[in-house]
Amino acid sequence: MADDALVERILRAVEQVPQGRIVSYGDIAGLVGVGPRHVGNVLGRWGSGVAWWRVTNSQGELPAPLLPEALPHWEAEGVSLKTNGRGCRIERHRADLLELGVRWERAIADLPH
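Just so it is clear, the structure is predicted and the values come from calculations on it, not from any experiment. (Residues numbered from 1 in each chain as written. Predicted model: local features only at pLDDT ≥ 70, side-chain atom pairs only at ≥ 80, totals over all residues. Heavy atoms only, no water.)

### A look at the overall build of the chain
In terms of regular secondary structure, the chain is built from 6 helices and 2 strands. A compact globule built from 113 residues should have a C-alpha radius of gyration of about 13 Å, and the chain, at 13 Å, falls within 12% of that. Taken over the C-alpha atoms alone, the chain extends approximately 45 × 30 × 20 Å along its principal axes. In the chain, which comprises 113 residues, the proportion classed as buried is 44%. Considering only contacts in the chain between residues 6 or more positions apart, those separated by 24 or more positions represent 65%. On the chain, roughly 6,300 Å² of surface is accessible, and the fraction owed to carbon and sulfur atoms is 50%. The distance from the centre of the 13 positive side-chain charges to the centre of the 14 negative ones in the chain is 5 Å. (Helix = DSSP H or I, 4+ residues; strand = E, 2+ residues; numbered from the N terminus. Rg over C-alpha atoms; globule rule 2.2 N^0.38 Å. Buried < 20%, exposed > 50% of the residue type's maximum accessible area, 1.4 Å probe, protein only. Contact = heavy atoms within 4.5 Å. Areas by Shrake-Rupley, 256 points an atom, 1.4 Å probe, with all protein chains shown as cover. Lys, Arg positive; Asp, Glu negative; His and termini not counted. Charge placed at Lys NZ, Arg CZ, Asp CG, Glu CD.)

Take a look at the structure:
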């Protein structure tokens, strides 16, 4: 299981995703240095306080039970849905990953390395 510092790094990465933008579990994983499943596990356990709906799989989809909760957030943030209704158009709404990395580095500056 994740240690507290790693959980905090993942959650702070998610906090840096701008409103109306989407990233994949793999995008966050690459930033933090863990696997995508690890990101999903952390969000599943400790992600209720962050904008978890901004993190999807690489196809812009979420686990089916989470989709009804994500839809109102996506609508409010102007995130368009895929034609099949099972996720969002991640290619249209993907966050700038370089900018995200810069913001994340600043956000974790106070954490132990």
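### Description of the nonpolar core
In terms of nonpolar packing, the biggest core is built from 33 residues, with Ile28, Leu43 and Trp74 touching the most fellow members. Counting residues per element, this core draws most heavily on helix α1 (residues 4–15), which supplies 6 residues. Discounting chain neighbours no more than four positions away, the residues touching Ile28 are Ile10, Ala13, Val14, Val17, Val23, Val39, Val55 and Leu100. (Core = buried A, V, L, I, M, F, W, Y, C linked by side-chain atoms within 4.5 Å.)

### Brief notes about helix α6 (residues 97–107)
When we look at burial in α6, the residues that qualify are Leu100, Gly101, Trp104 and Ala107. Across the axial projection of α6, the buried residues extend over an arc of 125°, all falling on one side. The exposed set on the far side of α6, more than 90 degrees from its buried face, consists of Leu98 and Arg106. Looking at the buried positions of α6, the neighbouring elements they touch are α1, β1 (23–24) and α2 (25–32). In this structure Asp96 caps α6, since a side-chain oxygen of it lies 3.0 Å from the backbone nitrogen of Leu98. (Arc of directions from axis to C-beta. Polar contact = N/O pair within 3.5 Å; in protein donor to acceptor, adjacent residues only side chain to side chain.)

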